[in-house]
Amino acid sequence: MYQFYQVLAKLAQKLTRSLKTAVISDSGKIKVLEEAISEKDFQNEVQFKDIATFNVKLQPAGEELIAFAESPLEYGRLVSKIVDLALVHLSGDYFKYSIFSPYIMERGEGYFDEALRKRIGIEDGRRYYRGVRVFDGIPHLIIDREIELRSWKNLLNELKVLALWWGTIKNKKIDFYDPPKEFINFVNWIFLNRRANVKAYSARPVYISEITWDYRADSKILEGNISPCDYHQQVQGIIIEDKMQPLVKWQMTTPEGAKKDLFHVPELLVVGHTFKDISMRVSKSQISQVFDILHPHCGDQLRRILEVNRKIDHILKTRFRSIYPSKLEFSVLPKVVNNNVTSSSVAIKFGNKETNIEPPFGINFYRKYSKTATFFKPIPETIKLLAVCEEKHLPFIENLKKELEVRNNSAVSISHLLEIDLETISPSFDLLVTVTDDGETIQKCKEIIINQFGIAHQNVTPKNAKEESIPQLVMQIALKLGGYPWVLKNPEKVMVLSIYSYRNPFTSLKWYLFNLMKPEGEIIFQSKPFGDELKFLTEIKSRIKDIDKLVVLSSFINQQFQEFLLENTGDLIPEIIFIQINQRDQLRLFSTFRPVIKSQRRRRPSTIFPIEAYEEVPEGSILRVAEDEYYLVTTASTKVGTYHRGCPNPIKLKILRSKGIFNIEKILRYILSLSLVSGTSGHETKLPAPLYYMKKYAGYVNEYGLPTNEKIFKTLFYV
């Protein structure tokens, strides 16, 4: 199938040059724009160097003349194809892993120096998203830039670097081609279920189920009794250099639904990574350096995006004149959206204090609030705390206790152990605080202390067991003990039902969660996971039957859910609105400030000297792009000196349907304020609080299992 699309793509490029118009390969068909194909073009020869030559015969499907951009969807695909053409085919500086991917990768090495790449086996690269968004009824080209962390050179090279790194840690030399089982287990722990892109040719990504040394690249394990080396030489014309390398095992689902094991060679793959992956391999002294590289300041990010946009424009004007700009052209300047943007502040209240917070909100204002401010909903009056830590951390535990007492007007008693014995621990404790970075200990605490005993657990890593961490930790602990540090002061008079869908693509596991939240931000009910949709919806119906005005938030679109809730609650709920929230949209908003220096007043007009602009992400902004579509900027950049580092994307809201009277502007401001409420967990989040809590809940259940102790479900035990 991939070869079929590659042939079509080659043919489209060839016809584009000969016809002097745009030809695209779309959904398995060749489409010609604005010029008919003559009979002499029906028969074509397409050659792939060192692989094969294909004779292709076109068969017209209906009219040979196809109108230019017949629909918005086709227009979007056309623009995306033309951007791909400019960067990937007409420029040698970019490539794509797959023709189906919206991402274009920049060639060349990143900013990591060679010594760092050799030590960690990971390199930094740049990738660009291209797509189309409709803004006020007009299609707009979207270009977004991201830092991509990936295997240095390829996955095989990364595995070899990992072997050296692991051998250094264990103080013993490793034979990469005959490694100990401990190293094989370590590698599979890192790469299990990771997405691997094919770097050598266009193909869909694979998901790693195992890296195995039982078979090698020259092992004859494929259909036809051939090896992966033979396959890639025959089909792709690629000669595998390391024939003794291990193989990546991945699974494909057959049309009958069965799982089939397949194999790939690491030499042709690259795996994406996160900052968390890097932090495990980078020394503490280099963490800040790496962070600066991965979080460029907003001004640089914006300029890089505009540079690529201008490059696309220049390439198309000089090498694709038949279609650009005569038939299609886009602006090289960013869209000014001031007229479509509003901003918002948030009013919150503690137990004995109220305050207004202006954007950028952040979460660090809790460091500045009054020492006498108490939490809105305090934890129980008496708390038995068990601390498991080294004696050097006891002063930290004592300060943590004092802050808990001050904020909640509670009495906290402390018991201390140097090591935890989960078999003899008393279930009479209310809170367990551990100071450790041992993953196995943390996992056992979750599975036993929380899931079985129903005791709240808070872990602190040794490096974070310090005074400045205490305000954030106290907020998290309050949520885990049933309290709330603060809530919204003047919320909309609505109840919020949030629906979350969890899907594990590797195990086919799928279930649903929902929670109910009071207007000011307190969760009053959270469900257990449901695998059966009808039972899930029936449970929702029983929980919302007495609500007058309801906002339904979901991270996905399910028409059946909407119909069920409307039909079965029509007489019970007079007013209801359904809103979908997408946190992974590639549109970016920048706020640009360009200061000027004016000369002193003279008889002549003042001279103005422009200075370099400073850009930041305008947190608290609401952007309207259509009557029912909005973007909310719920997080902010981090200011470092005069620059703002990190450029988070906004979340996208789509109003699906509604019944009753709703002030949309007020609803949008309310949802924006709910994202700040998530900060009670001590973390700045994109999502509104109820969806964020369910995302954390789903992740907890997936990693540690569902608690069996019923009392724990009355708290946000997973934050």
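Quick caveat: nothing in here was measured; it's all calculated off a predicted structure.

Caption draft 1: Examining the overall build of the protein more closely. Counting secondary structure elements, the protein contains 16 helices and 35 strands. Counting only residues that meet the buried cut, the protein has 52% of its 719 residues in that class. Contacts in the protein between residues far apart in sequence, at least 24 positions, make up 65% of those at least 6 positions apart. Only carbon and sulfur atoms are counted for the fraction: they give 50% of the accessible area of the protein, which is about 35600 Å².

Caption draft 2: Fine view of the side chain of arginine 407. Turning to its location among the elements, arginine 407 is positioned in helix 10 (residues 394-408). Polar side-chain contacts of arginine 407 include one of 2.7 Å to the backbone oxygen of alanine 373.

Caption draft 3: Structural view of the environment of threonine 685. By the secondary structure assignment, threonine 685 is in the loop between helix 15 (664-677) and helix 16 (689-704). A relative accessible area of 6% places threonine 685 in the buried class. Sequence separation between threonine 685 and threonine 634 is 51 residues; the distance between their C-alpha atoms is 7.4 Å. If we ignore the near neighbours within four places in the chain, the residues touching threonine 685 are Thr634, Thr635, Ser675, Ser678 and Tyr692.

Caption draft 4: View of empty space enclosed by the protein. For the structure on display, the rule yields four cavities of 30 Å³ or more. Roughly 110 Å³ of internal volume is contained in the largest cavity. Contributions of two or more residues to the lining of the largest cavity are made by strand 25 (549-554), helix 14 (559-569) and strand 26 (575-582). Examining the composition of the lining of the largest cavity, we find that three residues originate from one element, helix 14, more than from any other. Tallied by class, residues from the lining of the largest cavity come to nine nonpolar, three polar and no charged.

Caption draft 5: Spatial organisation of the side chain of serine 673. Take serine 673: it is sitting in helix 15. Polar contacts involving the side chain of serine 673 include one to the main-chain carbonyl oxygen of tyrosine 670, which spans 2.5 Å. Aside from chain neighbours lying at most four places away, what touches serine 673 is Val346 and Leu488.

Caption draft 6: Broad picture of the packing of aromatic side chains. The full count for this structure, using the stated rule, is 29 aromatic pairs. On the numbers, 5.9 Å between centres and 75 degrees between planes, the contact of phenylalanine 176 with tryptophan 213 is edge-to-face. Here phenylalanine 176, found in the loop between helix 4 (155-170) and helix 5 (181-191), pairs with tryptophan 213, found in strand 10 (residues 206-216); they are 37 residues apart in sequence, far enough to count as distant. Using a relative accessible area of 9% as the deciding quantity, one classes phenylalanine 176 as buried. A connected cluster of aromatic rings, assembled from ring pairs, spans Trp165, Trp166, Phe176, Tyr177, Phe183, Phe186, Trp189 and Trp213. Looking at lysine 384, its charged tip hangs above the ring of phenylalanine 429, at a distance of 5.5 Å from the centre.

Caption draft 7: Focus on the packing of helix 11 (residues 439-450) against helix 16. Contact geometry of helix 11 with helix 16 gives a least axis separation of 10 Å together with a crossing angle of 100 degrees. The pairing of helix 11 with helix 16 is recorded here as roughly perpendicular in orientation. Counted together, Ile442, Gln443, Lys446, Glu447 and Ile450 of helix 11 and Tyr700, Glu703 and Tyr704 of helix 16 form the full contact between these two elements.

Caption draft 8: Here's a closer look at the environment of proline 205. With respect to the helices and strands, proline 205 occurs in the loop between strand 9 (195-198) and strand 10. Sequence separation between proline 205 and valine 270 is 65 residues, and the spatial gap between their C-alpha atoms is 9.7 Å. Once residues lying within four places of it in the same chain are set aside, the contact partners of proline 205 are Arg195, Ala196 and Asn197.

Caption draft 9: Representation of the sheet that holds strand 16 (residues 354-357). Spatial ordering of the open sheet is given by 16-15-21, a layout of three strands whose pairing is antiparallel. Both outer strands of the open sheet, strand 16 and strand 21 (487-488), are each paired with one neighbouring strand and no more. In terms of strand pairing, strand 15 (residues 346-349) meets strand 16 through four bridges, oriented antiparallel. Counterpart to alanine 347 in the pairing with strand 16 is asparagine 356.

Caption draft 10: Highlighting the environment of leucine 537. If you trace the backbone, leucine 537 turns up in helix 13 (residues 533-544). For leucine 537, a relative accessible area of 6% puts it in the buried group. Separated by 27 residues in the primary sequence, leucine 537 and phenylalanine 564 have C-alpha atoms spaced 7.6 Å apart.

Caption draft 11: Molecular detail of the sheet that holds strand 35 (residues 651-659). The strand order 14-31-32-35-26-25-22-23-24 describes an open sheet built from nine strands, whose pairing is mixed. With one partner strand each, in any of the chains shown, strand 14 (341-343) and strand 24 (523-526) form the two edges of the open sheet. On average, adjacent strands in this sheet sit at an angle of 25 degrees to one another, irrespective of strand direction. Direction of pairing for strand 31 (residues 621-626) relative to strand 32 (residues 629-632): antiparallel, over a ladder of four bridges. Across the sheet, arginine 624 pairs through a bridge with tyrosine 630, a residue of strand 32. Together, strand 22 (495-504), strand 23 (509-517), strand 24 and strand 25 form the strand contacts of helix 13, whose direction differs from that of strand 23 by roughly 5 degrees. Here helix 16 sits on the sheet in contact with strand 22, strand 23, strand 24, strand 25 and strand 26, set at roughly 35 degrees to strand 22.

Caption draft 12: Layout of the pattern of salt bridges. Under the criterion given, the structure shown has 37 salt bridges. A salt bridge links lysine 311 to aspartate 93; its shortest N-O distance comes to 2.6 Å. In this pair, lysine 311 is assigned in helix 9 (residues 298-319) and aspartate 93 in the loop between helix 2 (72-89) and strand 5 (94-95), connecting sequence segments 218 residues apart. Look at lysine 311 and you get partly exposed, because its relative accessible area is 27%. Note that aspartate 144 is salt-bridged to arginine 588, the shortest N-O span being 2.3 Å. Of the two residues, aspartate 144 sits in strand 8 (residues 138-151) while arginine 588 sits in the loop between strand 26 and strand 27 (591-593), which places them 444 residues apart along the sequence. Taken together, the salt bridges that share partners define one network made up of Lys377, Lys518, Glu520 and Glu522.

Definitions and limits used
- Residues numbered from 1 in each chain as written.
- Predicted model: local features only at pLDDT ≥ 70, side-chain atom pairs only at ≥ 80, totals over all residues.
- Heavy atoms only, no water.
- Helix = DSSP H or I, 4+ residues; strand = E, 2+ residues; numbered from the N terminus.
- Buried < 20%, exposed > 50% of the residue type's maximum accessible area, 1.4 Å probe, protein only.
- Contact = heavy atoms within 4.5 Å.
- Areas by Shrake-Rupley, 256 points an atom, 1.4 Å probe, with all protein chains shown as cover.
- Polar contact = N/O pair within 3.5 Å; in protein donor to acceptor, adjacent residues only side chain to side chain.
- 1 Å grid on protein atoms, 1.4 Å probe; cavity = no way out; pocket = protein on both sides within 12 Å on 5 of 7 lines; lining within 4 Å.
- Points joined across faces, edges and corners; volume = space filled by probe spheres on them.
- Nonpolar A, V, L, I, M, F, W, Y, C, P; charged D, E, K, R; others polar.
- Phe/Tyr/Trp six-rings, centres within 6.5 Å; stacked < 30°, edge-to-face > 60°.
- Lys NZ or Arg CZ within 6 Å of the ring centre and 35° of its normal.
- Axes fitted to C-alpha atoms, helices over the stretch in contact; angles between N-to-C directions.
- Parallel < 35°, antiparallel > 145°, perpendicular 65-115°, else oblique.
- Pairing = 2+ DSSP bridges.
- Salt bridge = Lys/Arg side-chain N within 4 Å of Asp/Glu carboxyl O.

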